[in-house]
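# What the coordinates show
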Amino acid sequence: MDQDRLDLITSMHSKNPKDSYLAFAAAVENQMAGNRKKAIRIIEQLITTDPDYAQAYYKLGKMYENDKKIKKAVSVYHEGKKIALKVKDEKSLGEISEA
């Protein structure tokens, strides 16, 4: 994990909190740095502010799975599948369908 990259993305995200891509990147970097709870909070917030960001559902579902929160993961995957179909995000749909 590169702390400088985490710091840079965190700084960029704090300056652009409505940027969904930066929010997703901040969650991924925090997860990689071992900041699991913070990563989950960021992804949950991303889904609230940009519910059509399909990749976020896959990431959140995986985080819940890793935390043994299987019912929550399944629920997130179901919602994510609907969103991926709606926005025609084939990559996310494939990942969610295989989860």
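For the structure, see preceding data.
Residues numbered from 1 in each chain as written. Predicted model: local features only at pLDDT ≥ 70, side-chain atom pairs only at ≥ 80, totals over all residues. Heavy atoms only, no water.

Among the residues of helix α6 (residues 90-98), those classed as buried are Ser92, Leu93 and Ile96. Down the axis of α6, the smallest arc covering the buried residues is 100 degrees, so these residues share one side. Exposed residues on α6 whose side chains face more than 90 degrees from its buried face are Glu90, Lys91 and Glu98. Next to the buried residues of α6 lie α4 (54-66) and α5 (70-87). One side-chain oxygen of the residue at the start of α6 lies 3.3 Å from the amide nitrogen of Lys91, identifying that residue as Asp89. (Buried < 20%, exposed > 50% of the residue type's maximum accessible area, 1.4 Å probe, protein only. Helix = DSSP H or I, 4+ residues; strand = E, 2+ residues; numbered from the N terminus. Arc of directions from axis to C-beta. Contact = heavy atoms within 4.5 Å. Polar contact = N/O pair within 3.5 Å; in protein donor to acceptor, adjacent residues only side chain to side chain.)

A few words now on the nonpolar core. Among the nonpolar cores identified, the biggest contains 27 residues, and Ile43, Leu46 and Leu60 are the most heavily contacted of them. Contributing elements (two or more residues each) for this core: α2 (20-32), α3 (36-49), α4, α5 and α6. Those residues in contact with Leu60 that sit more than four places away from it in its chain are Ile40, Ile43, Glu44, Ile47 and Val76. (Core = buried A, V, L, I, M, F, W, Y, C linked by side-chain atoms within 4.5 Å.)

Any link to function would need more than the numbers given here.
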